[in-house]
Structures are given as structure tokens and as C-alpha cells.
Amino acid sequence: MPRLGGSRASRASNHATPQSARQLNGAAGLLAASVLADSAVEHYRGSFENRAMYVPLAMATLNVLVSGHGIGDRRSGAHALRGASYVLGAITGLIGAGFHIYNVTKRPGGLSWINLFYGAPIGAPIALLLSGVMGMAAERARGGPEVLRNTANLSLGRVTAGAAAAGLLGTVGEAGLLHFRGAYHNPAMFLPVTVPPVAATLLGNAAYCGAGKDRWLTRWWLRLTAALGIVGTGFHLFGVARNMGGWGNWSQNVLNGPPIPAPPSFTGLALAGLAALRLLERRADG
């Protein structure tokens, strides 16, 4: 009589890749949703002066939709439409970063603190780039074990862990800049510049060392960082409510208060980091 199932470890190994891919789809979707909301507010503030300002909204919306499809897709095969959408999203984010850097440097005084404080936020398009990268990683993870073994001479888990760690550090830089502008008037404003850097360091170590170690501390710290993104959203909602008129004057206070869509980027990148660790564990099993 044929065996219908293997050992528990074998079954977990077989299921790790699709599960990691769906988790990466979720991370990509959360980052894209953050970009969509943030860009909608910021570009509305800019009166959509440049028609290109509609493009990131369209691409972020598309990435949210295909990510939702990927979360529900339990198959192991990559999806061509999802993959193409993520590539376009990454390209859009890269071009958008160029636009935002130009916006900052063309202002009187060039690259200065005041222009970094009040110019186009460079971190927003980078988040769309990261959304595309995590989505592409999700589709590559669905391609089978051979993809996990070698991606530009590195395992997909190591590449994804490195990208998530770099993204966390970039997000920390953006949060640190804006919280410095706010003079760190609330002690909780130090959390986004102290907790995620530890997660990025631990995840970077996992990317450098690869599989073969129990990364329990890294997983725990990534979960803490993911929770921080959710808590941070609550703080930003409260910050908007504290402005004159509160939510009764939402049309002005949402524009001028702390950016509500920004903290979930920490959650999205932390989820991507957790998926990367799962891919590394899958590589160790295979």
C-alpha cells in the first residue's frame, strides 16, 4: 500500500514555500496599501500638479489587488500577471524616488534639513519599490525548490532577508527625520528609531550567515516590530485628533497631522522578514 504522507518535518518542508510566498504577498500588499494611502494624501496636498502623480496611486492599487490574489492562492506555481505587476510597481517606485529626490534638491538651498523636512518624502516611493521586490520574491518562491537553492549565488531566503533588513533601516531613517522635525515631544516617538534597527541587525545577520541556526530572537523581534507598526498607526490617529478641530476638521488635520499610513510599513517589512526566515528554514530542510 503506497504511503500517503511523509514525516511531519517533510510535510512542513513541502508546505513552507507556498506559505512563505503567501506571507510575502501579504507583506507586499501591506506596503502597497501604505503607499496608496500616503501618496493619495501627499499628492492631493500637491494638487496633483504633475500628471505623473497619479501613476503611483494606480500601481499601488494594482499591487494591493494582486497581493490579495496571491494571499488566497495556495498553488506552488508563479503567476505571470502578479509577477508583471510587481515588476512594474518596483520600477514605478524607483522612478518615483528619482522624482522626489529632484523635488528636494531643486528647492532653494538644495539638499538641506529644511528641504528634507518639507519636501517630497523620499521614503514613500521606496516603499513601493520594496513592495514590488517582496512581491517578486513571493512569485519566485512559488517556482519550486530549485529557485530556493540559488538566486544570484545566494538563497532566496538570504536575498529577501537582506532586502527586508535594508528596507527597515530606510524606514527608520524616514521616521527618525520626521520625528526629529517633531522634536520627539512624546517619548514613544523614540520607539521607531530604537526597536526596528535591532530587528534589521538581526535579520541582516540571518542574511549573512544563512540557514542552520535557530533564529528565535530574530523572529520574536520581528513580531515586536510588526506590532510597533500597528501601535504607531494608533499614535498617529491620536496625533491627528489632537489638532485643532480634531476629526471634525479631518480634511485639514489629516493633511497636516502625522502621516497615518506611514507606520504600517514597519509591519509589512517585518512580515517579509519572517517569511525570509521561513525560506531559510526550508532551505535547511531541503
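Residues numbered from 1 in each chain as written. Predicted model: local features only at pLDDT ≥ 70, side-chain atom pairs only at ≥ 80, totals over all residues. Heavy atoms only, no water.

*Asks:* Sorry, what's going on with the overall build of the protein here?
*Replies:* For the protein, the count of helices and strands is 11 helices and 0 strands. Each helix and strand of the protein, ordered N terminal to C terminal, gives the series α-α-α-α-α-α-α-α-α-α-α. Buried residues in the protein amount to 45% of all 286 residues. Considering only intrachain contacts with a sequence separation of at least 6, the fraction spanning at least 24 residues in the protein is 72%. Summed over all atoms, the accessible surface of the protein reaches about 14400 Å², with 65% contributed by carbon and sulfur. (Helix = DSSP H or I, 4+ residues; strand = E, 2+ residues; numbered from the N terminus. Buried < 20%, exposed > 50% of the residue type's maximum accessible area, 1.4 Å probe, protein only. Contact = heavy atoms within 4.5 Å. Areas by Shrake-Rupley, 256 points an atom, 1.4 Å probe, with all protein chains shown as cover.)

*Asks:* Honestly, the environment of G167 in this entry has me stumped. Any pointers?
*Replies:* Mapping G167 onto the fold places it in helix α7 (residues 156-181). Residue classification places G167 among the buried residues on the basis of a relative accessible area of 7%. Contacts of G167, omitting those with residues within four sequence positions, involve L130 and L269.

*Asks:* Explanation requested: unusual backbone geometry in the structure shown.
*Replies:* Where the residue is not glycine, phi is negative for most of them; where a peptide bond is considered, it is trans in most cases. You will see that F48, though not glycine, has its phi angle at about 45 degrees, which is positive. Following the sequence through the fold, F48 ends up in the loop between α1 (8-45) and α2 (55-72). Backbone geometry at Y184 places phi at a positive 45 degrees, although glycine is not the residue there. Looking at where Y184 falls in the secondary structure, it is placed in the loop between α7 and α8 (195-209).

*Asks:* Explanation requested: the packing of α8 against helix α9 (residues 216-242) in the structure shown.
*Replies:* Helix-helix packing is characterised by the crossing angle of the two axes and by the distance between the axes. Two elements in contact, α8 and α9, have axes separated by 9 Å at closest approach and are oriented at 145 degrees. Along this stretch, α8 crosses α9, giving a crossing that reads as left-handed. When α8 is examined against α9, the residues V195, P196, V198, A199, L202 and L203 are found in contact with a partner set consisting of L217, T218, W221, L222, L224, T225 and L228. In terms of residue class, the contact of α8 with α9 is made up of 11 nonpolar, 2 polar and no charged. (Axes fitted to C-alpha atoms, helices over the stretch in contact; angles between N-to-C directions. Left-handed = near helix turned anticlockwise from the far one by under 90°. Nonpolar A, V, L, I, M, F, W, Y, C, P; charged D, E, K, R; others polar.)

*Asks:* How should I be thinking about the packing of aromatic side chains in this particular structure?
*Replies:* A ring pair, where both rings are aromatic, is described by two values, the distance of the centres and the angle of the planes. Applying the stated rule across the entire model yields 7 aromatic pairs. Between F48 and Y54, the aromatic rings sit 4.3 Å apart at their centres with planes inclined by 10 degrees, giving stacked as the arrangement. Ring pairing ties together the aromatic residues W113, F117, Y118 and F180, which thus form one cluster. (Phe/Tyr/Trp six-rings, centres within 6.5 Å; stacked < 30°, edge-to-face > 60°.)

*Asks:* Can you help me understand the pattern of salt bridges in this one?
*Replies:* Pairing is possible between side chains of opposite charge, provided their charged atoms come close. In this structure the tally under the stated criterion is 5 salt bridges. One salt bridge connects E42 with R45, and the closest N-O pair in it is separated by 3.1 Å. Of this pair, E42 and R45 both sit in helix α1, separated by 3 residues, roughly a single helical turn. Relative accessible area serves as the criterion here: at 23%, E42 is assigned to the partly exposed category. Note on R45: relative accessible area 39%, which makes it partly exposed. Among the salt bridges present, the one from E139 reaches R82, with a minimum N-O distance of 2.8 Å. One end of the pair, E139, is in helix α5 (residues 123-141); the other, R82, is in helix α3 (residues 80-105), with 57 residues separating them in the sequence. You can call R82 buried: its relative accessible area is 1%. Here the residues in one salt-bridge network are D73, R75, R82, E139 and R142, joined through shared partners. (Salt bridge = Lys/Arg side-chain N within 4 Å of Asp/Glu carboxyl O.)

*Asks:* Would you mind going over the environment of L88 with me for this structure?
*Replies:* Inspection of the secondary structure puts L88 in helix α3. Taking the C-alpha atoms as reference, L88 lies 10.0 Å from L128; in sequence the two are 40 residues apart.

*Asks:* I would appreciate a short explanation of a nonpolar patch on the surface in the present structure.
*Replies:* On the surface, V87, L88, I91, I95 and F99 cluster together into a nonpolar patch covering about 450 Å² of accessible area. By the element assignment, F99 lies in helix α3. Under the relative-accessibility criterion, F99 is labelled partly exposed at 46%. (Patch = residues over 30% accessible without salt bridge, like charges linked within 9 Å, V, L, I, M, F, W, Y side chains within 5 Å.)

*Asks:* So what exactly am I meant to see when it comes to the side chain of N115 here?
*Replies:* Take N115: it is sitting in helix α4 (residues 113-118). By relative accessible area, which is 6% here, N115 ends up buried. One polar contact links the side chain of N115 to the main-chain carbonyl oxygen of P108, over a distance of 3.2 Å. (Polar contact = N/O pair within 3.5 Å; in protein donor to acceptor, adjacent residues only side chain to side chain.)

*Asks:* Sorry, what's going on with α2 here?
*Replies:* Residues spaced three or four apart along an α-helix point in a common direction, a consequence of the helix completing one turn every 3.6 residues. Taking 1.5 Å per residue, 18 residues should reach 26 Å; α2 reaches 26 Å between its end C-alpha atoms and fits that length. All buried positions along α2 are accounted for by P56, L57, M59, A60, N63, V66, S67 and G70. (Expected span 1.5 Å × (residues − 1).)

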